[in-house]
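Next come the chains, spelled out residue by residue.
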Amino acid sequence: MAEAAIHDQARAPHGPVAETRAPHLNVDPHRKVGWLELFYDLVYVATIVQLGNKLSDDVSVEGFAAFALLFVPIWWVWMGTTFYANRFVADDLPHRLLVFAQIFVVSALAITVFDGLGSTSSGFAIAYVAARFILLIMYTRAARHVPEARALTRRYVIGFAIAALVWLVSAFVPAPLRFLLWVIGLAIDFYTPLSPGSQRLQRELPPSPHHLPERLGLFTIIVFGETFIKVIGGFVGEDEFAIETIIAALLGLGLVGGLWWTYFENVAERAVDWAKGAQAWIYLHLPLQLGLIALAVGVYKLVTAQSDILADHYRLLICGALAISLLAVGLIEQFTVKRLGEKDDQLAFRLRVGGAVIALGLGFFATGMNQIVLMALLAVVSLAQVVTDVLRRDYDPLPESDIELDHHVG
């Protein structure tokens, strides 16, 4: 009854926001994502669009490497705020102002990301530093008001501050040293929550087991939305639509729809096996979401192609992105709890790996293949995952009381 009361209270309408209300630990295991978090996510829609445009402008090995290097800090800024919101409850005036400041700073990241390794790289670095500085203020407030979290928050403040300082220095040195400092700064940023000392402290302050999966699922939805933006953008301004282009677009959307089904049925709808691999479950979303953005760009290149034969580098992009996405989903599934009635075998994982291998094979060896045939084969690879899931499903949702959780995440 007490747990239900907490749950109902968390979902009840809020009164006027308090001018000062100290952050406190989240004690509701069923905590839902708040409206402010959803509002904050909106700025990432624009950021991901600009990042996709960056890759679309240079589809090459170097272009993909640049796209990945720029995506990681953007993803980490989002994760930083998400980790904080998962462990601490804060919705007073200072917190809202800090989140609004984050939105402004992420907007600056979006503005500077297109040429983030060129003329605007200094601005990109400064925007990243500003985002991390705001997060430092959040953790400093938590350290002041939540004594039991002080050891962990101080550890975060020190580690993240050192990383931010490295990024700040990078803004005032020339390339390529600037980008080397970025890598060093990101390494420090990632190591801070992954270090043994941090993980020990995290186990003493477990996060909400429902909030974090919901947040990552929502961000994945945002990433999936990039495909619709790119496909619609490919048709805008055209007076006539070739039937081949329409078929290719539909096959591309079917391919992405298959990935959506596979992720949300086999990852988002399952409980996380925190004891088996909390960190792996979280951080494998990085290549998954990177692959989905790249796939959206690949579908856009398909829709806007002027030939029946997709250029080699575009074919490699779309096939490689599908392979990354399938493999990432397959690996994330390894750290989820099977539901009642689900077969506890490795067939699903073998299907993901097999699909990734087929996609890569088409990417490297399908030179000269008609784009409709290529997309039909890729769509079959994606939708085969769905058909197999449907045929193998016969279960009831796993009761939460049957799930044993041992949280230790960032």
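Rules used in this analysis
- Residues numbered from 1 in each chain as written.
- Predicted model: local features only at pLDDT ≥ 70, side-chain atom pairs only at ≥ 80, totals over all residues.
- Heavy atoms only, no water.
- Salt bridge = Lys/Arg side-chain N within 4 Å of Asp/Glu carboxyl O.
- Helix = DSSP H or I, 4+ residues; strand = E, 2+ residues; numbered from the N terminus.
- Buried < 20%, exposed > 50% of the residue type's maximum accessible area, 1.4 Å probe, protein only.
- Contact = heavy atoms within 4.5 Å.
- Polar contact = N/O pair within 3.5 Å; in protein donor to acceptor, adjacent residues only side chain to side chain.
- pLDDT = per-residue confidence, 0-100.

A. Main features of the pattern of salt bridges. For the structure on display, the rule yields eleven salt bridges. Measuring nitrogen to oxygen at the nearest pair gives 2.7 Å for the salt bridge that ties R141 to D92. Residue R141 is located in helix 5 (residues 121-145), and its partner D92 is located in the loop between strand 2 (88-89) and helix 4 (93-113); the two are separated by 49 residues in the primary sequence. A relative accessible area of 16% means that R141 is categorised as buried. Judged by relative accessible area, which is 0%, D92 ranks as buried. Here the salt bridges share partners, and the residues they tie into one network are R270, E333, R352 and D389.

B. Spatial organisation of the environment of N370. With respect to the helices and strands, the residue N370 is situated in the loop between helix 14 (347-365) and helix 15 (371-392). Here N370 falls in the partly exposed class, since its relative accessible area comes to 28%. With 61 residues separating them in the primary sequence, N370 and I309 have C-alpha atoms 5.0 Å apart. Leaving out residues up to four positions away in the same chain, N370 has contacts with D308 and I309. At 2.8 Å, the side chain of N370 forms a polar contact with the backbone nitrogen of I372.

C. Local environment of the environment of V49. Position of V49 relative to the elements: it lies in helix 2 (residues 35-57). Expressed as a C-alpha distance, the spacing of V49 and I293, which sit 244 residues apart in the sequence, is 8.8 Å.

D. Layout of the confidence of the model for the chain. Per-residue confidence for the chain averages 87 on the pLDDT scale, and 90% of its residues sit at or above 70. Low confidence marks residues 1-14, where pLDDT is under 50. Its contacts with residues over four positions away, or in another chain, come to seven contacts. Note that pLDDT drops below 50 for residues 396-408; the model gives that stretch 30 contacts with residues more than four away or on any other chain.

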